[in-house]
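# Structural description and commentary
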Amino acid sequence: MDNVLIALSNLASIDAVITLLIGTLAGMMIGMLPGLSSTMGVALCIPITFNMPPELALILLGAVYVSSVYGGSITAILLRTPGTDASIATALDGYPLASKGRGSEAIGMATLSSLFGGTVSVIILIAVAPLLSKIALAFGPQEYALLAIFGLVTIIGVVSDNPAKGLVAALAGLALGLVGLDSFTGVPRFTFGHSELFDGVPLLPVLIGLFSVSQAFNLCIPAEAGVLKKDSIVNVHGHLPLISDIKRCFRSMARSSLIGTFIGALPGAGTSIAAFISYNEARRKSKNPENFGKGELEGIAASESANNAVTGGTLIPTLTLGIPGNAVTAVFVGGLTIHGMIPGPDLFTNFADITYTLLISLLIANVLFAVMGIALSKYLVNVTKIPGSILGPIILIFSIVGTYALRNELFDVWLAAAFGLIGYFMERWKYPTAPLVIALILGPILEVNFRRSMQISNWDYSTFFDSYLSLAIISLVVLSVAYPLWKAWQKKR
Amino acid sequence: MFKKAFLSASAAILVGTLTAGSAMAADFPSKPIKMVVAFGAGGSTDTMARIFAKYAEKHLGERVIVVNKPGAGGELGWTFLANSKADGYTIGLINSPVVEVYPFTRAETVGYSMDDIRPLVNVVTDPGVLAVKADGPFQTLTDFIEFVQSHPNEVTVSHEGIGGDDHLAMMSFANKTNTEMNMVSFSSNAEATAALLGGHIDAFEGNMSEVSAQINSGTIKALAVWSPERLDAIADVPTGAEQNVDLIAAASRGLAVPAGVPDDVYQKLVDASEAVINDEEFKQELVKLNMPLNPIYGSEYVDFLQDSHDSLKAIWDVNPWVKD
C-alpha cells in the first residue's frame, strides 16, 4: 500500500503530468502514421530516457506504448490505413462505417473499447500477474502451433461471403509466408537472389501496400471507376455511439479484453492473433454475424478492446519473469535495465514504488488517450470530407515515406507499391484482402512452431495431444469450425 | 607545349587530390556522421550503437546519426556499409561471428566481402552461456555432459538461429565433448527462455546479457560461461575451462568503415572510439546493460576477425551447417 501511495505522489508532480501528456500525444501520432510502429516509437524514446529519472522514463515509455496501439485505430477507421497489424480487424468494420458518414461513432466505439481493454489488462496485471505468467510458460511450441491454427480459423468467418475467393487469398498469404530463409536449415526459399527477402516478405510494407496504397489509388481514381462511391461520404455527423450500442457490445468488449490480456501474456503469440481471435469470437456469438465486415460496431469493439488489452498482457511476463511478451516490451526491458531495474521479481519488491508508478500511469494514459481521442475525433472525422483527389496523394506520400523509414530500404517501397496494385485489383474483383494478411502473419508462426514441436518430439505427432492445454485449444478449434457448419445445417432443415 | 600542359595539369590534379586528402583529414569530421546498424531499433546491437553514438558526438564534436538497416540477419546493413562512400562519414556496427561467416556460408548470394570492410574497433563481447532450469536435474556441466553422452540426440537445447553464435557454440560443444544433441532453433532469446522455464526444452544456449537477470534471480542455472575468465555480472558461474571444456564462444559487437577510408581519417576514428571507450560514463551505462566491454583496436581487431573466420571456415569445410 505504501508503494501505491509513493507511486501516486510520483505521479502528482508537474514533470510526471507533462511527460504523460507528451507521451500520450506522441504515441497517438506514431500509431496514426503508416509505417511508424509501436516498437519504433518506444525504441526512439529510449535514448531520451537515459537522462531521466527512472519513474519518468517508464511513464513516457508506457504512455507511448498504450496510446500508439490506440492511435492506429483512428486511421484504420477513417482512411482504412491501419498503422500497424494490430488494427487490421478494426479497419474491416470501421471503414465501412466511416464511408457511411458514421466515422465518429466508430471512433467513439474504438476509443471506449481501447480504454476498456487497456484498463482491464492493467488491472489484471496488477492483480494476478505472477499466476498468469506461470500459465503462459505452460505454452510450448505445440500449444503455439495450435493457437496459430485457432487464429487461422478466423479466416473462415471473414470469407463467408465468397468462400472460394477468400480461400485463394488465404492460400496466397500462406505461400507468401514461405518466402525467406528457412529458420531450421538456413536455406533460402523463393527469395530469387534478393537478400531483402531473407527474413521473409516484410509484413509492414505488404500491409501498407494492401491497405494504404490501394486505398490511395481508390481515392485518386474517379468514383465511377473505383470501389468507393464518392457522394456517400457527404453526410458526416458527429454522433458518438448510442448507449444501447455500448450495452449491446459490452459482452464482446469484456470477452475480448480477457482474450487480449491472456494472449498478450504469451511471448511469441503477437498482438494481431488476439485481435483476430476476439473478432471471430464476437462474430460467432453475434445475432447478426452477417453484418461483420460491413460496418458492425461490435467488430470494432472486439478488435480494439483486444489489441489494447494486449498492452497490459505483454507486460505480465516482462515484469514478472523478465521475458518480453513482444517486440515493444523487449525494448522496454532495455529501458528498465538502463536504470538499474532488472525485470523479474525484484520489480515488485525492491523497485515496487517505481513499478507501481508505471502501472498507475498506464491507467492514466488509457484515460488520457480516450479523452484526447474523443475530443479530436470531432475534427478528425472531417478528413473523410476531403476530396479523394487530394487525400489520395497525401496517403500515398505518407505510405512511401513510412515504408522507407521502416528499414531504409527502397526495395520495401517497391514492394508496397506492388501490393498496392494487387490490393486495388483484389478489391475490384472482390477478393478479400484480410485472409491474405491473416495467413501471411499466422502461417510462419504455425510453421516454426510446428517444426519446433516435431524436432523436440522426434516426429511424433502425439506430441500435440500430450497436454491439457493442447487438448483445450484443439477443442476450441473444432468447436469454432463445427459450430457455423452445424448452424447452417440446422437452417437448411 | 601540349606535353607541358599535360604535365602541369596532372601535377595540379595530383596536388589537388593530395591537399584534398589531407584537408579532409585535418577538418574531419566537418559534417554529421552516419552510423549504420544492421539490426532493428531496440535490439541489443541498436542499444549499444545509440549509447556509443551519444558519447562519440561528445568526442568527435559532430552529430552521429544512427540509421537502422535491418534484414537478412545483418547482411543488408553490412552490404550497405561496404558499398558506402569511403570518406569516414559512414561507419557501421558489425557483429562477430556472423559478419565473417556470411561470405562463405552464403557465397552465392552475399553482397559484400570482408575485403570491402575495414574493422575499426571491437567494443562489446557478450559470451555465450549454457543454462538449464534451476530446479531441473542438472547441477553441473559434468552432470549434463554425462547425461547427454548416455542419451544421444535426446537432450533438446535452444539456439537463436542456424549459423548464429549460439548455434556455432553448440556445434563446437558437441565436437569437443563427443556428444549429440537435439538443437532447436528459436526466433528470439525471449521465446527460448520462456520455453526453458516452461520445461519445453532441456537446455538453453544464448548470450549472457539476455539471461543474466534470470540467472541472478535464481530461476535459471547457468552451467558454464564460454569466456576465458568469469564475468562480474554472473560471478558465480564457472567458465567452461574450469570444468574441462575448453570452449570460447561469444557475440562481439564493434565498429567498421568501408575499406577505402584514408588512413588518417581511419586513425581519427580509432582515436575517437578509444576516447569513448575510456569515458567513465560510457562504461557505467554498459555495466548497467550487462554488456561486457572488450576493446580491441585497429589491426588487432582485424586479426581477431581473421582468426575467428579461419576457425569457423575449418568447421564449415568439414561439416557445413547450411545444407541444400
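A quick note: this is a predicted structure, and the numbers were derived from the prediction, not measured. (Residues numbered from 1 in each chain as written. Chains lettered and ligands numbered in written order. Predicted model: local features only at pLDDT ≥ 70, side-chain atom pairs only at ≥ 80, totals over all residues. Heavy atoms only, no water.)

Turning our eyes to something else, we now look at the overall build of chain A. Scanning chain A from terminus to terminus reveals 19 helices and two strands. Seen along its three principal axes, the alpha-carbon backbone of chain A occupies a region of about 65 × 60 × 55 Å. Split into buried and exposed, the 493 residues of chain A put 60% on the buried side. Long-range contacts, defined here as pairs at least 24 residues apart, represent 79% of the contacts in chain A between residues at least 6 apart. Only carbon and sulfur atoms are counted for the fraction: they give 71% of the accessible area of chain A, which is about 19000 Å². Positive and negative charge centroids in chain A, built from 28 and 27 side chains respectively, lie 14 Å apart. (Helix = DSSP H or I, 4+ residues; strand = E, 2+ residues; numbered from the N terminus. Buried < 20%, exposed > 50% of the residue type's maximum accessible area, 1.4 Å probe, protein only. Contact = heavy atoms within 4.5 Å. Areas by Shrake-Rupley, 256 points an atom, 1.4 Å probe, with all protein chains shown as cover. Lys, Arg positive; Asp, Glu negative; His and termini not counted. Charge placed at Lys NZ, Arg CZ, Asp CG, Glu CD.)

What follows concerns the overall build of chain B. Secondary structure assignment for chain B yields eleven helices and ten strands. Seen along its three principal axes, the alpha-carbon backbone of chain B occupies a region of about 90 × 45 × 30 Å. Classification of the 324 residues of chain B by burial places 55% in the buried group. For chain B, the proportion of contacts with a sequence separation of at least 24, taken over those separated by at least 6, is 76%. If the 22 positive side-chain charges of chain B are averaged to one point and the 42 negative ones to another, these points end up 10 Å apart.

Residues and elements named next belong to chain A. Looking at where T463 falls in the secondary structure, it is placed in the loop between α18 (434-457) and α19 (468-492). Overall, T463 belongs to the buried group, its relative accessible area being 7%. When the C-alpha positions of T463 and M52 are compared, they lie 49 Å apart, and in sequence the two are 411 residues distant. Beyond its immediate stretch of four places on either side in the chain, T463 contacts Q142, S453, M454 and S457.

Bringing the nonpolar core into the picture now. General note: in soluble globular proteins, nonpolar side chains tend to be found buried as a group. Core analysis: the largest hydrophobic core is formed by 164 residues, its most contacted members being M35(B), F52(B) and F282(B). For this core, the element with the most residues is helix α4 (residues 54-79) of chain A, which contributes 15 residues. Those residues in contact with F282(B) that lie beyond four places of it in its chain are I51(B), F52(B), Y55(B), V123(B), V276(B), I277(B) and L293(B). If you look at the next biggest cluster of nonpolar residues, it comprises 44 residues, including I94(B), F144(B), I145(B) and L305(B). (Core = buried A, V, L, I, M, F, W, Y, C linked by side-chain atoms within 4.5 Å.)

This part covers the side chain of S272(A). All names here are of chain A. Position of S272 relative to the elements: it lies in helix α11 (residues 271-285). Here D85 takes part through its side chain, which lies 3.2 Å from a polar atom of the side chain of S272. For S272, the contacting residues outside a window of four places in its chain are D85 and I441. (Polar contact = N/O pair within 3.5 Å; in protein donor to acceptor, adjacent residues only side chain to side chain.)

All names here are of chain A. Counted at 1.5 Å a residue, the expected span for α18 with its 24 residues is 34 Å, and the 34 Å between its end C-alpha atoms agrees. Of all the bends in α18, the greatest, near 30°, is centred on L442, and the proline P444 appears no more than four residues after it. Of all 24 residues making up α18, 19 are buried, and the element is well covered by its neighbours. One or two residues past the end of α18 sits N458, with phi positive at roughly 55°. (Expected span 1.5 Å × (residues − 1). Bend = angle between axes of the 7 residues up to and from the residue.)

On to the packing of helix α12 (residues 297-321) of chain A against helix α15 (residues 352-380) of chain A, then. Residues and elements named next belong to chain A. Contact geometry for α12 and α15: axes closest at 12 Å, N-to-C directions at 170°. Comparing their axes, α15 and α12 come out roughly antiparallel. Contacts between α12 and α15 involve N308, L315 and L319 from the first element and T355, L358, L359, L362, N366 and F369 from the second. In the contact of α12 with α15, the residues fall into six nonpolar, three polar and no charged. (Axes fitted to C-alpha atoms, helices over the stretch in contact; angles between N-to-C directions. Parallel < 35°, antiparallel > 145°, perpendicular 65-115°, else oblique. Nonpolar A, V, L, I, M, F, W, Y, C, P; charged D, E, K, R; others polar.)

This part is about the packing of aromatic side chains. Per the stated rule, a full pass over the model turns up 25 aromatic pairs over all chains. An angle of 55° between the planes, with centres 6.2 Å apart, marks the rings of Y65(A) and F332(A) as tilted. Pair noted here: Y65(A) is in helix α4 and F332(A) is in helix α13 (residues 327-337), with a separation of 267 residues, a long-range link. Classification of Y65(A) by relative accessible area gives buried; the value is 3%. By relative accessible area, which is 0% here, F332(A) ends up buried. On the basis of an interplanar angle of 40° and a centroid distance of 6.4 Å, the ring pair of F144(B) and F173(B) is categorised as tilted. Here F144(B), found in helix α5 (residues 141-150), pairs with F173(B), found in helix α6 (residues 165-177); they are 29 residues apart in sequence, far enough to count as distant. What links up through ring pairs into an aromatic cluster is the set F138(B), F144(B), F147(B), F173(B) and W226(B). Over the aromatic face of Y89(B) sits the side chain of K31(B), whose NZ or CZ is 4.7 Å from the ring centroid. The aromatic ring of Y102(B) is capped on one face by R106(B), whose charged end is 3.8 Å from the ring centroid. (Phe/Tyr/Trp six-rings, centres within 6.5 Å; stacked < 30°, edge-to-face > 60°. Lys NZ or Arg CZ within 6 Å of the ring centre and 35° of its normal.)

With that out of the way, let us pick up the domain arrangement of chain B. Residues and elements named next belong to chain B. Annotation of chain B at the domain level lists domain 1 (29-125 + 251-318) and domain 2 (127-243). Its C-alpha centre places domain 1 at a distance of 27 Å from the equivalent point of domain 2. In this assembly, ten residues from domain 1 lie in contact with twelve residues from domain 2. Carbon and sulfur atoms supply 63% of the area buried between domain 1 and domain 2, which totals about 850 Å² over both sides. (Domains from an automatic or database assignment. Buried area = accessible area lost by both parts, 1.4 Å probe.)

Our focus in this paragraph is the interface of chain B and chain A. Contacts between chain B and chain A engage 43 residues on the former and 42 residues on the latter. Taking both partners together, chain B and chain A bury about 3400 Å²; carbon and sulfur atoms supply 60% of that area. Broken down residue by residue, the surface that chain B buries against chain A is led by L76(B), H200(B) and K288(B), which jointly contribute 15%. At the boundary of chain B and chain A, one finds two salt bridges. Joining chain B to chain A, the criterion identifies 16 residue pairs in polar contact (both at pLDDT 80 or more). Elements represented by at least two residues in the side of chain B that touches chain A include exactly α2 (44-60), β2 (64-68), α3 (75-82), β6 (182-185), α7 (189-197), α8 (208-217) and α10 (280-288) of chain B. (Salt bridge = Lys/Arg side-chain N within 4 Å of Asp/Glu carboxyl O.)

Before going further, it helps to spend a moment on unusual backbone geometry. Trans is the common state for peptide bonds, and a negative phi is the common state for residues other than glycine. Residue and element names in this part refer to chain B. Following F28, the chain continues into P29 via a peptide bond in cis, with omega recorded as -5°. By the secondary structure assignment, P29 is in the loop between α1 (2-26) and β1 (33-37). The peptide bond linking S96 to P97 adopts the cis configuration, its omega dihedral lying at 10°. Tracing the sequence through the fold places P97 in the loop between β3 (90-96) and α4 (102-105). The residue N178 is not glycine, and still its phi comes out positive at about 55°. In this fold, N178 is placed in the loop between α6 and β6. In the Ramachandran plot, N290 falls in the positive-phi region, its phi being about 60° despite a non-glycine side chain. Position of N290 among the secondary structure elements: in the loop between α10 and β10 (293-297).

Residue and element names in this part refer to chain A. Between the first and last C-alpha of helix α9 (residues 203-220) there are 25 Å, a value that for 18 residues agrees with the 26 Å anticipated at 1.5 Å per step. The largest bend in α9 is about 35°, located at G209. Most of α9 sits inside the fold, with 15 of its 18 residues counted as buried.

This part is about the environment of D310(B). Residues and elements named next belong to chain B. Along the polypeptide, D310 turns up in helix α11 (residues 298-318). D310 sits in the partly exposed class, given a relative accessible area of 40%. Each C-alpha atom, one on D310 and one on V101, is 9.4 Å from the other, the two residues being 209 residues apart in sequence.

Here we come to the pattern of salt bridges. All names here are of chain A. Per the stated rule, a full pass over the model turns up 22 salt bridges over all chains. Here R189 ties to E447 by a salt bridge, and the two come within 2.9 Å at their closest N and O atoms. One end of the pair, R189, is in strand β2 (residues 188-189); the other, E447, is in helix α18, with 258 residues separating them in the sequence. Take R189 and E447: they sit in the same class, and that class is buried. The partner of R248 in a salt bridge is E296, with the nearest N and O atoms 2.9 Å apart.

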